[in-house]
Each structure stands twice: as C-alpha cells, then as structure tokens.
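Each chain, letter by letter, is given below.
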Amino acid sequence: MSIPLGHYLILSALLFSIGLCGALTRKNAIIVLIAIEVMFNAGILNLIAFWHYRQFEALTAQLFAIFAISIAAAESAVGLALVIAVYRHYRSVDVDEMKSLKG
Amino acid sequence: MNAAFWIISAITIIGALLAVSLRNLIHCVLSLILFSLGIAAHYFLLRADFIGAVQILIYIGAVAVLILFAIMLTRNVTGTEGPREVLGGKWWAGSFTAAILAVLLCWAVRGDKIAAALSPGDKATSSIAEIGRILVANWVVPFEAMAVLLTAALIGAVVIALEEVMRRR
C-alpha cells in the first residue's frame, strides 16, 4: 500500500500555510525570511511529488526543483543583506518599524 | 514505506511550526534545519536522490549558516521577549488568512479526482548523469541565466550590506 499523491499535496499545503502564518504574523524580519524559506520548500515538495507520481521520462521537474532551490538561496542571501542594511539604518529588525514608505 | 511517510511528515510539520513560533532566534534556525532534514528525507523517499542531497547541502550547509551570521550581526539573542514583542500588529489577520488558505487548499485537494487516480510507477530513475546531461543539453539557457542571477545576487548582497561603509567615505 503506497501513499496516495493527495497526502503529499495536503502536507505541502499545511507547510505552506504554516510558512504564510509565520511570514504575516512575526515581527522579526529574520523570522519572516525563515518563514519564506518554509513556503519555498513546500512548493518544491509539490514539484517532486508530482514528478514521482507521473513518471515523466524527462527529469524536468527535478531541474525545476534545482532552479527553485538556487533562486531561494539567492533570495535569502539578498534578503539577509537587506536585513543587515535595515538594521544599520533603524537599529532594529522589527518589520513594524519599517514604515518610511507608509502613506 | 507508509510508516516512514508519517514519521517524516510529523518531523517536518513540527520543525516548520517551531521554526516560525519559537522566541529564541537561534532555536528558530535549528528548527529550520530540522525542517530541511525532513524535506530532504521526503525527497529520498520519493526517489529524487540528487534533489535531497542538494537540499541538505544548500539549506543546512549554506542558508542556515547565513541566517545564523545575520542573527549574530544584527542583535543579541536574549530569548526573554514577551508575546507582544514577538507578534507584529494585526497578527490575528495574518493567522486568519493562513487558516483560510489551509482550509481552502485541503478542500481543493480532497475534491480532486485526477490526483487521486495517480499511482507511483516503479521505473523512477533519477540518475545524476542524466540530470547533468539534460541540464547542459536542453536547459542550457536557464542554466546560464541562473549563473548570472547567482553572480548578481552575490555582488548585490555585498553592495547592500556595505552601503553604510561606502557612504562614510
């Protein structure tokens, strides 16, 4: 008895919602970045699950996963550099205090 | 196979929950490492060996260490903040949005007939040689674009983080 594909989809839906909850509710910008990484991983898990269940001859889904992981790594490097720059400016990484552009 | 899925799923969900809810930032990063290990184990279970290895290398080897450095550079970790210090304003709206999204996605997956009809085949191969071959044969343009993106991100990160030093001169 193997696991149906729906289990993987629900697992990654739950992980994505956990990440979204963290990104929307936490105050610390670094935790927001961690939550975004959780959301990235939930999406990539979906790709790999679909690849496993459809058995495509081409390994396209795996290449998509590689590209997505690379983009996530680049995003986290730039995001953390931005957090450090913001910290130098405001002396805080609190996202509620970053409101210079608020109308 | 079945038991492995449930155990790894439980570890992954617990890691994700702890990563976004703990107060101590270092503990959050350690939970992110646990979560990444769970995701990599899922990849191994799905026979995507190379992606699992890449996940461990990049997330645990690079991203977690990067986040640890950012934490050390930005604030002292005390872990004695109250709940008002942790959650931002209007946190209830964010939790409500995430809960609605979870319910909607689970409802959509439950009602889906196409995904329920699929079953895993046994001819799953993910040979690294094949991945490398199609990466430089069919996907060479995205591959080069990724190289440019990573270089730009590297330079951009250094420029952004050095901004104040350059202004001071």
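As the structure is a prediction and not an experimental result, all values here were calculated from the model.

A.B. asks: Looking at this structure, I do not really get the interface of chain B and chain A. What am I missing?
C.D. replies: Think of interface size as the accessible area that goes away when the parts come together; that is how it is often given. Taken together, the contacts link 74 residues of chain B with 65 residues of chain A. At 13 residues, the largest contribution of residues to the side of chain B that touches chain A is made by helix α3 (residues 49-74) of chain B. Of the residues that constitute the side of chain B that touches chain A, the class distribution is 52 nonpolar, 15 polar and seven charged.

A.B. asks: What is the right way to read the nonpolar core from this model?
C.D. replies: In summary, soluble globular proteins display a tendency toward joint burial of nonpolar side chains. Of all hydrophobic cores here, the largest spans 65 residues; its most connected members are I30(A), I34(A), V38(A), I48(A), V20(B) and I67(B). Broken down by secondary-structure element, the contributors of at least two residues to this core are α1 (5-25), α2 (29-54) and α3 (60-90) of chain A together with α1 (2-21), α2 (25-45), α3 and α8 (140-161) of chain B. Shared between two domains, this core takes at least three residues from each, and those domains are domain 1 (2-126) and domain 2 (127-169) of chain B. Among residues more than four places away in sequence, those in contact with V38(A) are L15(A), I18(A), G19(A), G22(A), A16(B), A19(B), V20(B) and F35(B).

A.B. asks: Is there a simple way to think about α2(B) in this case?
C.D. replies: Count 3.6 residues to each turn of an α-helix, and residues three or four apart come out pointing the same way. Across its 21 residues, α2(B) extends 30 Å between first and last C-alpha, which sits within 8% of the 30 Å expected from 1.5 Å per residue. Following α2(B) by one or two positions, R47(B) adopts a phi angle in the positive range, close to 65°.

A.B. asks: Explain the packing of α2(B) against α3(B) here, please?
C.D. replies: If you want to describe how two helices pack, look at the angle between their axes and the distance between the axes. Residue and element names in this part refer to chain B. Across the interface, α2 lies against α3 with an axial gap of 8 Å and an inter-helix angle of 175°. Classified by the angle their axes make, α2 and α3 are roughly antiparallel. Contact residues: L25, I26, V29, L32, I33, S36, L37, I39, A40, Y43 and F44 in α2; D49, I51, G52, Q55, I56, Y59, I60, A64, I67, L68 and I71 in α3. Class assignment for the residues of the contact of α2 with α3 results in 18 nonpolar, three polar and one charged.

Thresholds, definitions, all that
Residues numbered from 1 in each chain as written. Chains lettered and ligands numbered in written order. Predicted model: local features only at pLDDT ≥ 70, side-chain atom pairs only at ≥ 80, totals over all residues. Contact = placed C-beta atoms within 7 Å. Helix = DSSP H or I, 4+ residues; strand = E, 2+ residues; numbered from the N terminus. Nonpolar A, V, L, I, M, F, W, Y, C, P; charged D, E, K, R; others polar. Core = buried A, V, L, I, M, F, W, Y, C linked by C-beta atoms within 7 Å. Buried ≥ 20, exposed ≤ 12 C-beta atoms within 10 Å, placed from the backbone. Domains from an automatic or database assignment. Expected span 1.5 Å × (residues − 1). Axes fitted to C-alpha atoms, helices over the stretch in contact; angles between N-to-C directions. Parallel < 35°, antiparallel > 145°, perpendicular 65-115°, else oblique.

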